[in-house]
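Chain residues, written in single-letter form:
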Amino acid sequence: MILPMALDFALSDRVLALSAPPLAIVERLADTHLFQERNRLESLLAHMDSLLRKLEEGVKRNH
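Since we're looking at a predicted model, the values are computed, not measured.

**Re the overall build of the chain**
Part 1: Of the regular secondary structure elements, the chain holds 2 helices and 0 strands.
Part 2: Expressed as a percentage of its 63 residues, the buried residues of the chain come to 2%.
Part 3: Only carbon and sulfur atoms are counted for the fraction: they give 66% of the accessible area of the chain, which is about 6300 Å².

**Some remarks on the pattern of salt bridges**
Part 1: Applying the stated criterion across every chain yields a total of 2 salt bridges.
Part 2: E37 serves as the salt-bridge partner of R40, at 2.6 Å between the closest nitrogen and oxygen. Taken as a pair, R40 and E37 lie in helix 2 (residues 23-62) at a separation of 3 residues, close to a single helical turn.
Part 3: Overall, R40 belongs to the partly exposed group, its relative accessible area being 46%.
Part 4: Notably, a salt bridge pairs R38 with E42, separated by 3.8 Å at the nearest N-O pair. Remark: E42 and R38 occur in helix 2; sequence separation between them is 4 residues, near one turn of the helix.

**Section: a nonpolar patch on the surface**
Part 1: Together, L41, L44, L45 and M48 make up a nonpolar patch on the protein surface, roughly 360 Å² of accessible area in all.
Part 2: Inspection of the secondary structure assignment puts M48 in helix 2.
Part 3: The class for M48 is partly exposed, based on a relative accessible area of 46%.

About the thresholds
- Numbering of residues starts from 1 in each chain and follows the order in which that chain's sequence is written.
- Totals for whole chains, interfaces and linings use all residues, but because this is a predicted model, local features are given only for residues with pLDDT of at least 70 and pairs of side-chain atoms are given and counted only at 80 or more.
- The side-chain quantities take in all heavy atoms of the structure and omit both hydrogens and water.
- The helix and strand labels rest on DSSP assignments: H or I over at least four residues marks a helix, E over at least two residues marks a strand, and numbering proceeds from the N terminus.
- Categorising residues by exposure relies on relative accessible area from a 1.4 Å probe, with only protein chains included: less than 20% of the type maximum marks a residue as buried, more than 50% marks it as exposed, and the intermediate range marks it as partly exposed.
- All accessible areas in this document rest on Shrake-Rupley with a 1.4 Å probe, and a residue is counted as covered only by the protein chains that are shown.
- Salt bridge, as used here, is a side-chain nitrogen of Lys or Arg placed within 4 Å of a carboxyl oxygen of Asp or Glu.
- Candidates for patches are residues over 30% relative accessible area with no salt bridge; among them, like charges are joined within 9 Å and nonpolar side chains (Val, Leu, Ile, Met, Phe, Trp, Tyr) within 5 Å.

Here's what the structure looks like:
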């Protein structure tokens, strides 16, 4: 089937638009990833602070 040229260009524009993710979706995914990563790092820092306090308490007890 041969499409009229105008319809062919319109169709190719639609296909191209569907193949590229909208910027808002990409930004939202990035924001979600950054939020999760920040939470993970904050949790890790809290855990490290707890370990440091335990280490300091152990050193005080042994001296």
